[in-house]
Amino acid sequence: MTESVRAALAALQAERDRSWTPAQLALNTGQRFDLVESFDPSSAVRAGDTMPDFALDGIDGTIVRRDAVIADGPAVLIFFRFAGCPACNTALPVYQRALWPSLRDLGVPLVAVSPQIPSLLSEIQRRHAFDFTIASDRDNALAHRLGIVFEANAATRQAAATPLGTVTGTGTWELPFPTVLLIGRTGIVEWADVAPDWMQRTEPSSILDAVRSIMLPI
């Protein structure tokens, strides 16, 4: 059976339920509830949209361009929050183990995208040694065009020991919703999954099903 992101995040939440104070749990749950309640799916990227052109900063110093990643066929983009995000450090290793090998065998690039500046974002690569590409979407430029950006609420800002903009190097409280996009060779978004709750992430099996569905011979 394919490894489950849902199960991995459930284990993370169980550990938080055990070790966090009621105030910490309430703050985290309240922010996530606010995001789910205010999320407008009609404003976010969806299947059938044209993927905007982009030039992302790879943490290895390269530029990751839209037309290059889809030059030979479809590509998968996964938007995540930042290198120190516990949910991201739980989900991305699952994608490394349960998603990337199949995508590699199909010849489908995988790019994981965060607004964090490259010098700070590279920490997550050092920690996990991912085989797929990690890239920075400076100033959330692409995420804004896709309609997947949110800002921390007032309670989260007030409780933060360090401003989020310092952690990410962006100077803002903006982050992308966890999002998975399948981009076809013509630049059309063939499949999209946007999760306003960052403790909910797309399962590897769902991504692979979407990829395989557009690669079936006619």
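As the structure is a computational prediction, the values presented were derived from the model and not from experiment.

J.: How should the nonpolar core be read in this particular structure?
T.: A general tendency of soluble globular proteins is for nonpolar side chains to be buried together. The biggest cluster of nonpolar side chains holds 64 residues, and the ones touching the most others in it are Met 51, Val 76, Leu 77, Phe 79, Leu 103 and Ile 148. Leaving out residues up to four positions away in the same chain, Phe 79 has contacts with Val 113, Asp 137, Leu 142, Ala 143, Leu 146, Ile 148, Pro 176, Phe 177, Pro 178, Thr 179 and Leu 181.

J.: Explain the packing of aromatic side chains here, please?
T.: For any pair of aromatic rings, geometry is given as the distance between the ring centres together with the angle between the planes. All chains considered together, the criterion is met by four aromatic pairs. Considering the side-chain rings of Phe 130 and Phe 132, the 4.8 Å spacing of their centres and the 20° angle between planes classify their relative orientation as stacked. For the pair Phe 130 and Phe 132, one class covers both residues: buried. Ring centres of Phe 150 and Trp 198 lie 6.4 Å apart, and the angle between their planes is 15°; on these two criteria the pair is classed as stacked. Residue Phe 150 is found in strand E6 (residues 149-151), and its partner Trp 198 is found in the loop between strand E9 (189-194) and helix H10 (204-215); the two are separated by 48 residues along the sequence. You'll find Phe 150 and Trp 198 in the same group, each marked buried. Taken together, Phe 39, Phe 150, Phe 177 and Trp 198 form an aromatic cluster joined through their ring pairs.

Criteria and thresholds
- Residues numbered from 1 in each chain as written.
- Predicted model: local features only at pLDDT ≥ 70, side-chain atom pairs only at ≥ 80, totals over all residues.
- Heavy atoms only, no water.
- Core = buried A, V, L, I, M, F, W, Y, C linked by side-chain atoms within 4.5 Å.
- Buried < 20%, exposed > 50% of the residue type's maximum accessible area, 1.4 Å probe, protein only.
- Contact = heavy atoms within 4.5 Å.
- Phe/Tyr/Trp six-rings, centres within 6.5 Å; stacked < 30°, edge-to-face > 60°.
- Helix = DSSP H or I, 4+ residues; strand = E, 2+ residues; numbered from the N terminus.

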